[in-house]
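# Remarks on the overall topology
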Amino acid sequence: MSEKQYLKYKNFIGSVVYNSADECYYGNILYIDDLVAYDGKNIEELKNAFQKMVDDYLDTCKELGKQI
């Protein structure tokens, strides 16, 4: 039985999914009203992509005046 894994950064939580067909990890930021996805070839790449997407999401929300 596999255990669900999550990433955490700046009060955001991201999913972690492994796709064995293309040997890639992917996920999306959970519990927000937008779809923000990220991927990586390994866990370190996935973590870095998640953190970059959180920062990008925060910047975009600030630019648009969107409350988070």
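See the structure shown above.
Fair warning: this is a prediction, and the values are worked out from it, not measured in the lab.

What counts, and where the lines are drawn
Residues numbered from 1 in each chain as written. Predicted model: local features only at pLDDT ≥ 70, side-chain atom pairs only at ≥ 80, totals over all residues. Heavy atoms only, no water. Helix = DSSP H or I, 4+ residues; strand = E, 2+ residues; numbered from the N terminus. Areas by Shrake-Rupley, 256 points an atom, 1.4 Å probe, with all protein chains shown as cover. Lys, Arg positive; Asp, Glu negative; His and termini not counted. Charge placed at Lys NZ, Arg CZ, Asp CG, Glu CD. Salt bridge = Lys/Arg side-chain N within 4 Å of Asp/Glu carboxyl O. Buried < 20%, exposed > 50% of the residue type's maximum accessible area, 1.4 Å probe, protein only.

## Structural notes on the overall build of the protein chain
Assigned secondary structure in the protein chain consists of one helix and five strands. Taking the principal axes of the C-alpha coordinates as reference, the protein chain spans close to 40 × 20 × 15 Å. For the protein chain, the accessible surface area stands at approximately 5300 Å², while carbon and sulfur atoms represent 49% of it. When the 8 basic and 12 acidic side-chain charges of the protein chain are each reduced to a single mean position, those positions are 5 Å apart.

## Section: the pattern of salt bridges
Scanning all chains against the criterion turns up three salt bridges. K66 is the partner of D34 in a salt bridge, and the nearest nitrogen-oxygen pair spans 2.3 Å. Placement of the pair is D34 in the loop between β4 (24-30) and β5 (37-40) and K66 in the segment after α1 (43-64), with a sequence separation of 32 residues. What makes D34 partly exposed here is its relative accessible area of 32%. We classify K66 as partly exposed; its relative accessible area is 31%. Close ionic contact of K52 with D56 constitutes a salt bridge, the shortest N to O distance being 2.8 Å. Residue K52 and its partner D56 are located together in helix α1, separated by four residues, close to a single helical turn. Take D56: its relative accessible area is 29%, and that puts it in the partly exposed class.

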